[in-house]
Amino acid sequence: MTKKIFWQDPYQTTLETRVTGVSGNEVTVAETIFYALSGGQESDRGTIGGRPVLQARKEGREIVYTMAEGHGLKPGDPVAMTIDWARRYRLMRLHFAAEVILELVYKKLGAVRKIGAHIAEDKARIDFEWGENISALFPALKAEALAIVQADRAIVSAFSDETNERRYWEIPDFSRVPCGGTHLRRTVEIGAIELKRKNIGKGKERIEVFVSDVTP
Ligand SMILES: [Zn+2]
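Residues numbered from 1 in each chain as written. Predicted model: local features only at pLDDT ≥ 70, side-chain atom pairs only at ≥ 80, totals over all residues. Heavy atoms only, no water.

Observations concerning the overall build of the protein chain
1) Next: Scanning the protein chain from terminus to terminus reveals three helices and 15 strands.
2) Next: Taking 2.2 N^0.38 as the reference for a compact globule, 216 residues should give roughly 17 Å; the C-alpha atoms of the protein chain span a radius of gyration of 19 Å, in line with that estimate.
3) Next: Here the C-alpha coordinates of the protein chain stretch approximately 55 × 35 × 35 Å along the principal axes.
4) Next: Counting the 216 residues in the protein chain, one finds 46% classified as buried.
5) Next: Relative to all contacts within the protein chain whose residues are 6 or more apart in sequence, the contacts with residues 24 or more apart total 65%.
6) Next: Total accessible area computed for the protein chain in this model is approximately 10400 Å², and 49% of it derives from carbon and sulfur atoms.
7) Next: Positive and negative charge centroids in the protein chain, built from 32 and 30 side chains respectively, lie 3 Å apart. (Helix = DSSP H or I, 4+ residues; strand = E, 2+ residues; numbered from the N terminus. Rg over C-alpha atoms; globule rule 2.2 N^0.38 Å. Buried < 20%, exposed > 50% of the residue type's maximum accessible area, 1.4 Å probe, protein only. Contact = heavy atoms within 4.5 Å. Areas by Shrake-Rupley, 256 points an atom, 1.4 Å probe, with all protein chains shown as cover. Lys, Arg positive; Asp, Glu negative; His and termini not counted. Charge placed at Lys NZ, Arg CZ, Asp CG, Glu CD.)

Given below as structure tokens:
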């Protein structure tokens, strides 16, 4: 089973590890910093042994990396792993911006149902089953999110159940949320949050979340 260094240190961008399994173009490694699409957070981009990873996917608790034809990797090979940090850091900032907005939506609307979420490099989105225009909440959401960012709160990330790889993040007195994504250390790293509304069908509302590097 791949040891997930991206949980231990989500800021690590290079790693020396070794190949543990090869099946055609699919490779597994002993330890990894390379996140695979899960919980709506997109996969990283990067390399194993200097070769680009074409796809990363979860298979149970294992992570399988698809390499190009003729990659030449063999079990036991020592390899360096790298990730595209600019992309990963954008994903982490957008992920946590979406986490904060989602928690604030729950606090305001109570039993609203989340029906989808996705975090890409340019924006995040959260979809809700909700019969009214959700942008009515935006001024309050933005003000309260801004206060959390400016307060530069520490974000705790840890296992609730290490055997089954269940994780959570927590900001004391704000929220504790189960999530296996990669999380920032401090809220100030999110930056300035912008929100846009999309109506995605009757009774469904989408919030698009953007972050900018401007100090809020
Ligand atoms: Zn998360």
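Observations regarding the coordination of the zinc ion
Tetrahedral coordination by four donors puts the ideal angle at the metal at 109.5 degrees, and octahedral coordination by six puts it at 90 or 180 degrees.
1) Next: Bound to the zinc ion are the protein donor atoms His95 (NE2), Glu99 (OE), Cys179 (SG) and His183 (NE2), situated 1.8 to 2.2 Å from the metal.
2) Next: Classification of the site at the zinc ion rests on its four donor atoms, whose angles at the metal span 102 to 115°, yielding the label tetrahedral. (Donors = N, O, S within 2.8 Å, 3.2 Å for Na, K, Ca; no water. Tetrahedral: all angles 85-135°; square planar, octahedral: opposite > 155°, others 65-115°.)

A word on the packing of helix H2 (residues 85-109) against helix H3 (residues 138-150)
1) Next: It is the contact of H2 with H3, at a shortest axis distance of 10 Å, that shows an interaxial angle of 125°. As far as their axial angle goes, H3 and H2 are oblique. Like other packed secondary-structure pairs, H2 and H3 cross with a definite hand, here right-handed. Along its contact with H2, which presents Val100, Ile101, Leu104, Val105 and Lys108, the element H3 presents Ala140, Leu141, Glu144, Ala145 and Ile148.
2) Next: Split by residue class, the contact of H2 with H3 holds eight nonpolar, no polar and two charged. (Axes fitted to C-alpha atoms, helices over the stretch in contact; angles between N-to-C directions. Parallel < 35°, antiparallel > 145°, perpendicular 65-115°, else oblique. Left-handed = near helix turned anticlockwise from the far one by under 90°. Nonpolar A, V, L, I, M, F, W, Y, C, P; charged D, E, K, R; others polar.)

Side note on the packing of aromatic side chains
1) Next: This structure, assessed with the given rule, holds eight aromatic pairs.
2) Next: Pairing Phe6 with Trp7 gives two aromatic rings, centres 5.5 Å apart and planes at 80°, and the pair type is edge-to-face. With respect to class, Phe6 is no different from Trp7; both count as buried.
3) Next: Each ring, one from Phe34 and one from Tyr65, has its centre 5.2 Å from the other, and the planes form 75°; the classification is edge-to-face. (Phe/Tyr/Trp six-rings, centres within 6.5 Å; stacked < 30°, edge-to-face > 60°.)

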